[in-house]
Amino acid sequence: MSKFLSDYGALLLLLSIVGTWLTVDFYQEREQIIEESKKLAINKSQLVGSSVGELFLVTDYVLRDIIGRLDVVKDLQLTSKDNERNIHLTAILSEKLETVTGLRDFAVLDRDCRIVATAKSPFIGVNTGQHFCGGVKVSPGQSTHIKYLSADQSISGRSAVLMSRILGTADGIFLGGVVAVVDLALAQKWIEAIHTEANDVLAIMDADGLLLANKPAQPDAIGKPVPVPMAQFFYSRINDPTSFINNSPYDGRRRITGVSKVERFPFITIVGFDYDRVLKAWRYRMWQFATGFLLLCIFAVIALRSHHEALCQRERMRKLATTDALTNIANRRHIMDIGNREFTRARRYTHSLSVLMLDIDKFKFINDRWGHPVGDRVIKELANLLTITARDQDVSGRLGGEEFTVILPHTDTSGAKIIAERLRVVVAEAQGVNLDDNTIVRFTASIGVATLNVEDTSFDMLLQRADRALYKAKENGRNRVESDN
Ligand SMILES: Nc1nc2c(ncn2[C@@H]2O[C@H](COP(=O)(O)OP(=O)(O)OP(=O)(O)O)[C@@H](O)[C@H]2O)c(=O)[nH]1
């Protein structure tokens, strides 16, 4: 596994970088979509607000117009007996009522807040009991007041928004005024006509936090306080339009909500976009990418694993083909390949090249005395000694039986003899092979040395000369080094 990681770590790292980059990119895109939706929700709430404002602006103009036509002394002290003036006033109010859609009635109030004339309703003489009545100080000159009236507060028994334009003296004494009764059903109808996507919401709230109209319609909630978190955006607490993500207090759905004040009038408009719908396309794309990326990762890991397996298999085959099974050093074919390559190179670049031929002395005796398995152990031990004694650039191999060779690149005769002698000593002085009965089988080796000369036409020839030198070493008493040069 660790080899797999080290071989393919770069690719896996690249995959994790791409994965991280995709995650960050998707996260940023999601944030951007939410931010844009927040802005859009604010814009839409302002748009709704400006339409609401327009309705009240028109009403306000009409109220101003009516108040301009009033005779403060006569009209605001009118009694039901003053029939002629009453008819005249009713005519004005009725005519004006025609000009604005969504108004239920107009009423003129006297200084005691009693209705002295109306366009339609029969409530003459009734005290409206508005908040500016009852001797409280009002603004000097004309001022506008808006108030939601629930069905049980209303003299008509129907909920409405009262828009009043009143007159005050310079000392703030209420002189009377005109009231427009705005039909909330119209606001509800009007808000329902605004296009919304599935699960989006629209709402209008008054300055006291009461719900005036909403989409989808919830008649039971109209005129009641809006629950948190919308309620925290009561008129007096916000100035600038604001947006947030919340779970609706009505249906529990998560929404991106924009809230803004209606300009000049005490209303708040709320627009909520369904969170899931806003992010639907993004989520779809994210899952597409995530699935694609996951499949790519799985595919990459499978492909890399099989590639890795193939490489390991090839490496195993190569080792099997080039390594001697008993000793784990180069086998005859491999050492001959290396020898041929070194021979060509030495010839071409006129380097020196030497070979050693080793043979365990009296090996037949070892086999006969202790058996073949012990003989094998001796062969393995010699291979081990060769490996640890040879220099990095030297290559040892087993030619067969108890015969070994060591190829010494860039090594002349004297150097080769020194190495051979060192090897001979190492073998002769080695611990030997320790048997179960504590018998120690020691052994020696004879070594033939040959160094490349001009007459050698192949590596094989060089090896034959080393073999001749080995034969000489055997003849001269074994456990010795002889050279053919
Ligand atoms: N245990 C074991 N013996 C082997 C292997 N290959 C060859 N032999 C034996 O090695 C012995 C080689 O002996 P010889 O070539 O006669 O020479 P020697 O006894 O080593 O005598 P000198 O080389 O003259 O010192 C033979 O008995 C072979 O059977 C092997 O892989 N394992």
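Bear in mind that the values here come from a model prediction, so they are computed numbers and not experimental data. (Residues numbered from 1 in each chain as written. Predicted model: local features only at pLDDT ≥ 70, side-chain atom pairs only at ≥ 80, totals over all residues. Heavy atoms only, no water.)

**Looking at the sheet that holds strand β9 (residues 254-261)**
- What the 5 strands build is an open sheet, ordered β7-β6-β10-β9-β8; its pairing is antiparallel. The open sheet is flanked by β7 (211-215) and β8 (242-247), the only strands paired with a single partner. The average angle at which neighbouring strand axes cross in this sheet is 20°, direction not considered.
- As paired elements, β8 and β9 share 6 bridges and run antiparallel to each other. Looking across to β9, one finds that Thr242 is bridged to Val259.
- Sitting on the sheet, helix α4 (residues 184-192) touches β6 (201-206) and β7, and the angle it makes with β7 is about 30°. (Pairing = 2+ DSSP bridges. Helix = DSSP H or I, 4+ residues; strand = E, 2+ residues; numbered from the N terminus. Axes fitted to C-alpha atoms, helices over the stretch in contact; angles between N-to-C directions. Contact = heavy atoms within 4.5 Å.)

**Observations concerning the UniProt feature "transmembrane region" (unreviewed entry) in the protein chain**
- Using the residue numbers shown here, the UniProt feature "transmembrane region" (unreviewed entry) corresponds to residues 286-304.
- With 100% helix and 0% strand, the stretch residues 286-304 has end C-alpha atoms that lie 26 Å from each other. (UniProt positions renumbered as here; feature names shortened; annotations may be inferred.)

**A few points about the side chain of Asp110**
- Note that Asp110 resides in the loop between β1 (103-109) and β2 (115-118).
- Within polar-contact distance, the side chain of Asp110 engages the backbone nitrogen of Asp112 at 2.8 Å.
- If we skip the residues at most four places from it in the chain, Asp110 touches Leu76, Val116, Phe174, Leu175 and Gly176. (Polar contact = N/O pair within 3.5 Å; in protein donor to acceptor, adjacent residues only side chain to side chain.)

**Things to note about the confidence of the model for the protein chain**
- With 95% of its residues at a pLDDT of at least 70, the protein chain reaches an overall mean of 90.
- Element-level pLDDT for the protein chain is lowest in helix α2 (residues 72-75), with a mean of 69, against a maximum mean of 98 in strand β16 (residues 445-451).
- What the predictor reports for the complex is a pTM of 0.62 with an ipTM of 0.95. (pLDDT = per-residue confidence, 0-100.)

**Regarding the site of the ligand**
- Looking at the ligand, there are 16 residues lining it, with Lys362, Phe363, Lys364, Asn367 and Asp376 nearest.
- Residue Phe363 places a main-chain N or O atom 2.7 Å away from an oxygen atom belonging to the ligand.
- A distance of 2.9 Å is found between an oxygen atom of the ligand and a side-chain nitrogen or oxygen belonging to Arg398.
- For the ligand, whose unbound accessible area comes to 670 Å², protein coverage reaches 65%.
- Secondary structure elements with two or more residues in the shell around the ligand: β11 (353-360), α8 (363-370) and α9 (372-389). (Near = heavy atom within 4 Å. Areas by Shrake-Rupley, 256 points an atom, 1.4 Å probe, with all protein chains shown as cover.)

**Here we look at the pattern of salt bridges**
- Under the counting rule described, the total for this entry stands at 28 salt bridges.
- Residue Arg277 is joined to Asp200 by a salt bridge in which the shortest nitrogen-to-oxygen separation is 2.8 Å. Here Arg277 is found in helix α5 (residues 275-278), whereas its partner Asp200 is found in the loop between α4 and β6, with 77 residues between them in sequence.
- For Arg277, a relative accessible area of 29% corresponds to the partly exposed category. (Salt bridge = Lys/Arg side-chain N within 4 Å of Asp/Glu carboxyl O. Buried < 20%, exposed > 50% of the residue type's maximum accessible area, 1.4 Å probe, protein only.)

**Some details on α4**
- Within α4 the residues assigned to the buried category are Leu184, Ala187, Gln188 and Ile191. Viewed end-on, α4 has its buried residues packed into an arc of 100°, placing them on one side of the element.
- On its buried side, α4 packs onto β1, β3 (141-149), β4 (160-168), β5 (174-183), β6 and β7. (Arc of directions from axis to C-beta.)

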